[in-house]
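Next come the chains, spelled out residue by residue.
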Amino acid sequence: MAAVSRSCHYREAKSPFRRKTMPFKSYWTLAFLVCIAKLCFAEDDHEMEEFLKREFSLSKPYQGVGSLGSSHWELMGDSMVTTDQVRLTPDMQSRQGAVWSRIPCHLKDWEMQVHFKIHGQGKKNLNGDGLAIWYTKERMQKGPVFGNMDNFTGLGVFVDTYPNEEKQLERIFPFVLAMVGNGTVSYDHDRDGRPTELGGCTAMVRNLKHDTFLFIRYIRRRLTIMIDIDGQHEWRDCLDIPGVRLPQGYYFGATAITGDLSDNHDIISLKLYQLTVLRSKQEEEEEEEEITIPSVDNFELLRLGQTEEGMSGVAIFFTVLFSMLGCIFLIVIGLVVYSHWSESRRKRFY
């Protein structure tokens, strides 16, 4: 979607009142402020333009999807194409499906907008397991991580609809999270990916009548994920992580899996935009080094911060409780000491 420039023509209305003339110095002051404002806005938006890349996008009418040689996208497993969506899995047990791009993406900065739908007959927490959007070195590999292989190399963004960790209380599902793998890091299924996640957010996306969207942006080695699930056509922040290093030349894909519990996992569209960003000379020099292995800067510090922020309600309750008991204990000790001191002083006085 190329940036559209729009020129507006304003015709001054006739007025019986005489206008005051702005002094010459005020014109220069106003012009200076306008220039500063433009520079600030340009810096916030990275002077960015978007261009839709159709060879990496998937949308209706899905012409030739899955056919050999006639499409940029390839189906796998139980996925199937209908007139309305690419269904990764039907609402049936033990199914997994995928759709993968055949062309590696060599864009430096990009943005993926995912229009998806998750729905089924199961009631809350009786559905599963979720879907994933991928940017990885490997493609067309079946596996346990939402229908893709474990120990993957690249980026995975997961819409997890079922909690596997029974003891967790603070996280509400469905939950959107992201993970960067280097080919040796395993996704911890029993703990819902917590040990390796970059962050995430709750997203109540099941059985909604309105459209649901996922937004993934990678620009200047910064990963941003937002969601639009309330039917208000407004993006809501999910995670924003700097220092994410992803190589070029990986493949985009979408996968889903069901187990004992199931859901329909549908992709309505995948739209990839190339982002053109003006960089300073210093930024260009910093990014000259070729990235060959996916990584995240200061990942251990990031995990430490998430652990501190991620205390459960039970942990917070006991922390407050023991703090109060400690305070009460200190107060009682203080009263006892004061009582003995007062008694000894009174005897000494008399």
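Residues numbered from 1 in each chain as written. Predicted model: local features only at pLDDT ≥ 70, side-chain atom pairs only at ≥ 80, totals over all residues. Heavy atoms only, no water.

## Here we look at the state of the cysteines
Let me state the cut-off plainly: Cysteine sulfur atoms are paired as a disulfide whenever they fall within 2.5 Å. Numbering of helices and strands runs from the N terminus; a helix is a DSSP stretch of H or I covering at least four residues, while a strand is a stretch of E covering at least two. Here the term buried applies to any residue with accessible area under 20% of the maximum for its type, exposed to any over 50%, and partly exposed to those in between, with areas from a 1.4 Å probe on protein chains only.
The full count for this structure, using the stated rule, is one disulfide. The disulfide partner of Cys201 is Cys238, and the S-S distance across this bridge is 2.2 Å. Between Cys201 and Cys238, the disulfide has an S-S torsion of -105 degrees and is therefore left-handed. In this pair, Cys201 sits in strand 10 (residues 197-202) while Cys238 sits in strand 13 (residues 236-242), placing the two residues 37 residues apart along the sequence. Cys238 carries the same exposure label as Cys201, and that label is buried.

## Section: the environment of Gly193
For the record, the criterion: We call two residues in contact whenever any of their non-hydrogen atoms come within 4.5 Å of each other.
Checked against the element boundaries, Gly193 lands in the loop between strand 9 (175-182) and strand 10. Residues Gly193 and Met179 lie 14 residues apart in sequence; the distance between their C-alpha atoms is 8.2 Å. Look past the residues within four positions of Gly193 in its chain and what remains in contact with it is Leu177, Tyr187 and Asp188.

## Notes on the pattern of salt bridges
Inclusion rule: By definition here, a salt bridge exists when the distance from a side-chain nitrogen of Lys or Arg to a carboxyl oxygen of Asp or Glu is within 4 Å.
Scanning the entire structure with this criterion turns up 16 salt bridges. Where Asp109 meets Arg279, a salt bridge forms, and the shortest distance between an N and an O atom there is 2.9 Å. With Asp109 in the loop between strand 5 (96-101) and strand 6 (110-119) and Arg279 in the loop between strand 16 (264-276) and helix 2 (281-286), the pair connects residues that are 170 residues apart, well separated along the chain. Residue Asp109 is classed as buried on the basis of its relative accessible area of 5%. Under the relative-accessibility criterion, Arg279 is labelled buried at 16%. Sharing partners across several salt bridges, the network here consists of Lys108, Asp109, Arg279 and Glu287.

## Section: the nonpolar core
To keep things clear, this is the line we draw: Among the buried residues, those of types Ala, Val, Leu, Ile, Met, Phe, Trp, Tyr and Cys that are joined through side-chain atoms within 4.5 Å form a nonpolar core.
Membership of the largest hydrophobic core comes to 50 residues, with the highest contact counts inside it found for Trp110, Val176, Leu214 and Ile267. No other element matches strand 6, which puts five residues into this core. Grouped together as the second largest cluster of nonpolar side chains are 16 residues, Phe158, Phe173, Leu177 and Tyr251 included.

## Some remarks on the sheet that holds strand 9
Cut-off, in case you're wondering: One bridge is not enough; two strands pair if DSSP finds at least two bridges between them. To obtain each axis, a line is fitted to C-alpha atoms, and for helices this fit is confined to the stretch in contact; angles are then taken between N-to-C directions over 0 to 180 degrees.
Strand order in the open sheet formed by seven strands is 2-5-15-7-8-9-10, with antiparallel pairing between adjacent strands. Of all strands in the sheet, those with a lone pairing partner are strand 2 (73-77) and strand 10, marking the two edges. Each neighbouring strand pair of the sheet contributes to a mean axis angle of 15 degrees, computed without reference to strand direction.

## Quick notes on the packing of aromatic side chains
We count it as follows: Between rings of Phe, Tyr and Trp, where Trp is taken as its six-membered ring, a pair exists when centres lie within 6.5 Å; planes separated by under 30 degrees are stacked, by over 60 edge-to-face, and by other angles tilted.
All told, the structure shown has 12 aromatic pairs when counted by the stated rule. Measuring from ring centre to ring centre gives 6.0 Å for Trp110 and Tyr218, while their planes differ by 40 degrees; the resulting arrangement is tilted. Residue Trp110 is found in strand 6, and its partner Tyr218 is found in strand 11 (residues 212-219); the two are separated by 108 residues along the sequence. In terms of burial, Trp110 and Tyr218 fall into one category: buried. Ring centres of Tyr135 and Phe252 lie 4.9 Å apart, and the angle between their planes is 40 degrees; this geometry places the pair in the tilted category.

## Looking at a negative patch on the surface
Under the convention used in this document: In this scheme, patches are assembled from residues that exceed 30% relative accessible area and form no salt bridge. Like charges are connected within 9 Å, while nonpolar side chains (Val, Leu, Ile, Met, Phe, Trp, Tyr) are connected within 5 Å. Working definition of accessibility: Shrake-Rupley area with a 1.4 Å probe, residue cover restricted to the visible protein chains. When charges are counted, Lys and Arg are positive and Asp and Glu negative, with His and the chain ends excluded. Charge placement uses NZ in Lys and CZ in Arg. For Asp and Glu, CG and CD serve respectively.
Together, Glu284, Glu285, Glu286 and Glu288 line one region of the surface with negative charge. Mapped onto the elements, Glu285 comes out in helix 2.

## What about unusual backbone geometry?
With omega at 5 degrees, the peptide bond leading from Lys60 into Pro61 counts as cis. As for its placement among the helices and strands, Pro61 is situated in the loop between strand 1 (49-52) and strand 2. Of the consecutive residues Gly128 and Asp129, the connecting peptide bond is found in the cis state with omega at 0 degrees. Residue position: Asp129 is located in the loop between strand 6 and strand 7 (130-136). Notably, Ser94 is not glycine yet its phi reads approximately 55 degrees, a positive angle. One can find Ser94 in the loop between strand 4 (86-89) and strand 5.

## Describing empty space enclosed by the protein
The test is simple: Each cavity reported here is a set of points on a 1 Å grid over the protein atoms alone in which a 1.4 Å probe fits but cannot get out, each pocket an open set with protein on both sides within 12 Å along at least five of seven lines, and each lining residue one with an atom within 4 Å of a point. Grid points are joined across faces, edges and corners, and a volume is the space filled by probe spheres set on the points. Residues are grouped as follows: nonpolar covers Ala, Val, Leu, Ile, Met, Phe, Trp, Tyr, Cys and Pro; charged covers Asp, Glu, Lys and Arg; every other residue, Gly included, is treated as polar.
All told, the structure shown has two cavities of 30 Å³ or more when counted by the stated rule. Looking at the largest cavity, its volume works out to about 50 Å³. Lining the largest cavity, in full, are Asp129, Pro144, Val145, Phe146, Asp160, Asn164, Tyr187 and His189. Grouping the constituent residues of the lining of the largest cavity by class yields four nonpolar, two polar and two charged. Computed from the structure, the second largest cavity encloses a volume of approximately 40 Å³.

## Points about the environment of Arg95
Structurally, Arg95 can be placed in the loop between strand 4 and strand 5. With 162 residues separating them along the chain, Arg95 and Ile257 place their C-alpha atoms 5.7 Å apart.

## As for the environment of Met80
Within the element layout of this structure, Met80 appears in strand 3 (residues 80-81). Among residues more than four places away in sequence, those in contact with Met80 are Leu75, Gln85, Val86 and Arg87.

Keep in mind these numbers describe shape, not what the thing actually does.
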